Amino acid sequence: MLAAMPDSAPSPLSAGGVSPRTGGDACPGTLRLHRADDGALARVRIPGGVLSADQADALLTAAARFGDGELHLTSRGNVQLRGLGTECGGELAGLLTDAGLLPSAAHERARNIVASPLAGLDGSGGLGVWLTELDRLVCGSAAAATLSGRFLFALDDGRGDVDALGADVTLIAEGPSGAALLRIGAADEVFRVPATDAPRAALLAAEEFLRAAGDPGAWRVKDLPDDVRAELVRTTGSAAGPTVHRPRPRTATPPAPGTHGSAITAEVPLGRLTPAQWRLLTETARRYGGELRLTPWRGIVIPGPVPRPEVVEALRTLSESGLITAPDSPWTGVGACIGHPGCAKSLSDVRAEAGAAVGPPGRLPVYWSGCERRCGHPHGEWIDVVVTPDGHRISHVRGERRDPPATVGNDPAALAAAVAAARA
Ligand code: SF4
């Protein structure tokens, strides 16, 4: 089915207040394609970003057969296929189902789960069965099928990377205690639950959110009225386990490109992978453990174990293909929405502008948006570059706060200099 709807679901920067659901949930999926200027778009949910090499092959086949051949990574570790024909929905769904990427048609847009991409790979504890168990529970819950495509679960191995992403329900591995901490929304108070009960506690929190949100209600926990949200946290959390004070990290730190223990990490410039790059990553994964993990920072982790000489060779090959394999790459931390010509709302070709402005790596990530919607923007602390009719507006974002912006006219050199200064 192809639904006419606004471009990629926006993620408003402003927080607080009441944001009731208005209109339909515009988030695209694989059964509900989104009409963009470059054709239809499908967003394939990849819980935890975890793909087998065979599933990666299936996505490449889908992109080549039905779309423009490229694979786009999202800020939730999902994959978008673009340039699709309007009549491909049935065949696309069949291909993804055969690959195990569409286990429940009713839940396909609710399977939004991010997970620490290095869990269990660099000396940290793993996440055990949380990911597969939570996905199984979500797909088995009739209520969960009504979650909006924006609702997000996060599974954090204790390092705080995906805990900082502002998910609606977060499980955090507590390490020494062997327990899990359940966070609902951005609350500083979390609740300790036995690790084996954690996925079910996360699902129950989501189902309680739906009850609290009503019909029609909020899309996300942060959109609930303050008193409703506080009551949800208090009653659902205290029923789950004892309270622990643990403020949410404000800044998400992605795995640096390179090696981490037995894993290889590569970032993807602007999140866009050519067929050759995707094939290379898949072949590399197949030689190692057969798994790829897509990160919420538009990167890819390939778990080992891998002998050191092979790691060096793999990084060299990935780098030669255009992927980012070292933290000092000029592309590290640079992101952009699809912009013109893919999106009708865009006021410019922000990908080309971001590419023209890359320079020495900056301390802060930068994200370029073709309009105020800022689809796929980062979380935490980052530099926001948004195109306006008056020029490019640059501002420093710190969580929910932003510094007064500066506007730069259409002078590429001045723009690059201003962005570099802001990121320093
Ligand atoms: S221009 Fe960019 S930020 Fe605006 S709607 Fe399109 S994709 Fe989203």
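What counts, and where the lines are drawn
- Residues numbered from 1 in each chain as written.
- Predicted model: local features only at pLDDT ≥ 70, side-chain atom pairs only at ≥ 80, totals over all residues.
- Heavy atoms only, no water.
- Helix = DSSP H or I, 4+ residues; strand = E, 2+ residues; numbered from the N terminus.
- Rg over C-alpha atoms; globule rule 2.2 N^0.38 Å.
- Buried < 20%, exposed > 50% of the residue type's maximum accessible area, 1.4 Å probe, protein only.
- Areas by Shrake-Rupley, 256 points an atom, 1.4 Å probe, with all protein chains shown as cover.
- Lys, Arg positive; Asp, Glu negative; His and termini not counted.
- Charge placed at Lys NZ, Arg CZ, Asp CG, Glu CD.
- Pairing = 2+ DSSP bridges.
- Expected span 1.5 Å × (residues − 1).
- Arc of directions from axis to C-beta.
- Contact = heavy atoms within 4.5 Å.
- Near = heavy atom within 4 Å.
- Nonpolar A, V, L, I, M, F, W, Y, C, P; charged D, E, K, R; others polar.
- Phe/Tyr/Trp six-rings, centres within 6.5 Å; stacked < 30°, edge-to-face > 60°.
- pLDDT = per-residue confidence, 0-100.
- Axes fitted to C-alpha atoms, helices over the stretch in contact; angles between N-to-C directions.
- Parallel < 35°, antiparallel > 145°, perpendicular 65-115°, else oblique.
- Left-handed = near helix turned anticlockwise from the far one by under 90°.
- Salt bridge = Lys/Arg side-chain N within 4 Å of Asp/Glu carboxyl O.

1. Section: the overall build of the chain
A count of helical and extended segments in the chain gives nine helices and 23 strands. Its C-alpha atoms give the chain a radius of gyration of 20 Å, near enough to 22 Å, the size a compact globule of 424 residues would have. Overall size of the chain, expressed as C-alpha extent along the three principal axes, is 55 × 50 × 45 Å. Going through the 424 residues of the chain one by one, you find that 56% of them count as buried. Summed over its atoms, the accessible surface of the chain is roughly 16600 Å², and 55% of this surface lies on carbon and sulfur atoms. Taking the average location of the 42 positive side-chain charges in the chain and that of its 47 negative ones, the two points are 2 Å from each other.

2. Things to note about the pairing of strand S21 (residues 391-398)
Walk down a regular strand and you will see the side chains alternate between the two sheet faces. Most of S21 is tucked away, with six of its eight residues classed as buried. Hairpin connection, strand S20 (residues 381-388) to S21: the antiparallel pair is bridged by two residues. Summarising the sheet, S21 and strand S23 (residues 406-408) pair through three bridges and their orientation is antiparallel. Its bridge partner being in S23, arginine 393 is matched across the sheet by threonine 407. Two elements, S21 and strand S22 (residues 401-402), share two bridges in a ladder whose sense is antiparallel. Looking across to S22, one finds that valine 397 is bridged to arginine 402. Linking S21 to S22, which pair antiparallel, is a turn of two residues; within it glycine 399 sits at a positive phi near 65 degrees.

3. Let's talk about helix H7 (residues 308-320)
The end-to-end C-alpha distance of H7 is 19 Å, a good match for the 18 Å that 13 residues give at a rise of 1.5 Å each. Every buried residue of H7 is accounted for by Val311, Ala314, Leu315 and Leu318. An end-on view of H7 places all buried positions within 100 degrees of arc, on one side of the element. Facing away from the buried side of H7 by more than 90 degrees, the exposed set consists of Pro309 and Glu320. On its buried face, H7 sits against strand S13 (258-260), strand S14 (263-267) and helix H6 (275-287). Of the residues flanking the end of H7, it is glycine 322, one or two places downstream, whose phi is positive at about 105 degrees.

4. Regarding the site of the ligand
Looking at the ligand, there are 11 residues lining it, with Cys337, Cys343, Cys371, Arg374 and Cys375 nearest. Residue classes in the shell around the ligand are distributed as five nonpolar, two polar and four charged.

5. Here's the deal with the packing of aromatic side chains
Tallying each qualifying case throughout the model produces two aromatic pairs. Aromatic pair phenylalanine 151 and phenylalanine 209: ring centres 5.0 Å apart, planes at 35 degrees, arrangement tilted. Here phenylalanine 151, found in the loop between helix H3 (130-139) and strand S8 (153-156), pairs with phenylalanine 209, found in helix H4 (residues 198-213); they are 58 residues apart in sequence, far enough to count as distant. Chaining the aromatic ring pairs together yields one cluster made of Phe151, Phe153 and Phe209.

6. Description of the confidence of the model for the chain
Summing up the model confidence of the chain, the mean pLDDT is 90 and the portion of residues at 70 or higher is 94%. This model gives residues 1-20 a pLDDT under 50, and the stretch forms 56 contacts once residues within four places in sequence are excluded.

7. Quick notes on the sheet that holds S8
To summarise the sheet geometry, strands pair through backbone hydrogen bonds and adopt either a parallel or an antiparallel arrangement. What the six strands build is an open sheet, ordered S7-S8-S9-S10-S11-S12; its pairing is mixed. Lying at the two open borders of the sheet, with one neighbouring strand each, are strand S7 (113-115) and strand S12 (243-245). Across the sheet, the axes of successive neighbouring strands diverge by a mean angle of 25 degrees, strand direction being ignored. As paired elements, strand S9 (residues 169-173) and strand S10 (residues 179-184) share five bridges and run antiparallel to each other. Within S10, the position partnered with isoleucine 172 by the bridge is leucine 181.

8. Thoughts on the packing of helix H1 (residues 53-66) against H6
Relative to each other, H1 and H6 sit at 165 degrees, their axes nearing to 9 Å. Taken as axis vectors, H1 and H6 run roughly antiparallel relative to one another. Where H1 crosses over H6, the two elements pack in a sense that is left-handed. Across the interface between the two elements, Ala53, Asp54, Ala56, Asp57, Leu59 and Leu60 of H1 pack against Pro275, Trp278, Arg279, Thr282 and Arg286 of H6. Counted by class, the contact of H1 with H6 contains six nonpolar, one polar and four charged residues.

9. Notes on the pattern of salt bridges
Counting across every chain of the model gives 25 salt bridges. With a shortest N-O distance of 2.6 Å, arginine 393 and glutamate 372 are connected by a salt bridge. You can see arginine 393 sitting in strand S21 and its partner glutamate 372 sitting in the loop between strand S19 (366-369) and S20, a full 21 residues away along the chain. For arginine 393, a relative accessible area of 25% gives the class partly exposed. Look at the salt bridges and you will find they share partners, linking Glu372, Arg374, Asp384, Arg393 and Arg402 into a network.

10. Details of unusual backbone geometry
A cis geometry characterises the amide bond from histidine 340 onward to proline 341, with omega recorded as 10 degrees. For proline 341, the position within the fold is in the loop between strand S18 (334-336) and helix H8 (350-357). For arginine 374, which is not a glycine, the phi torsion comes out positive at approximately 55 degrees. You can see arginine 374 is positioned in the loop between S19 and S20.

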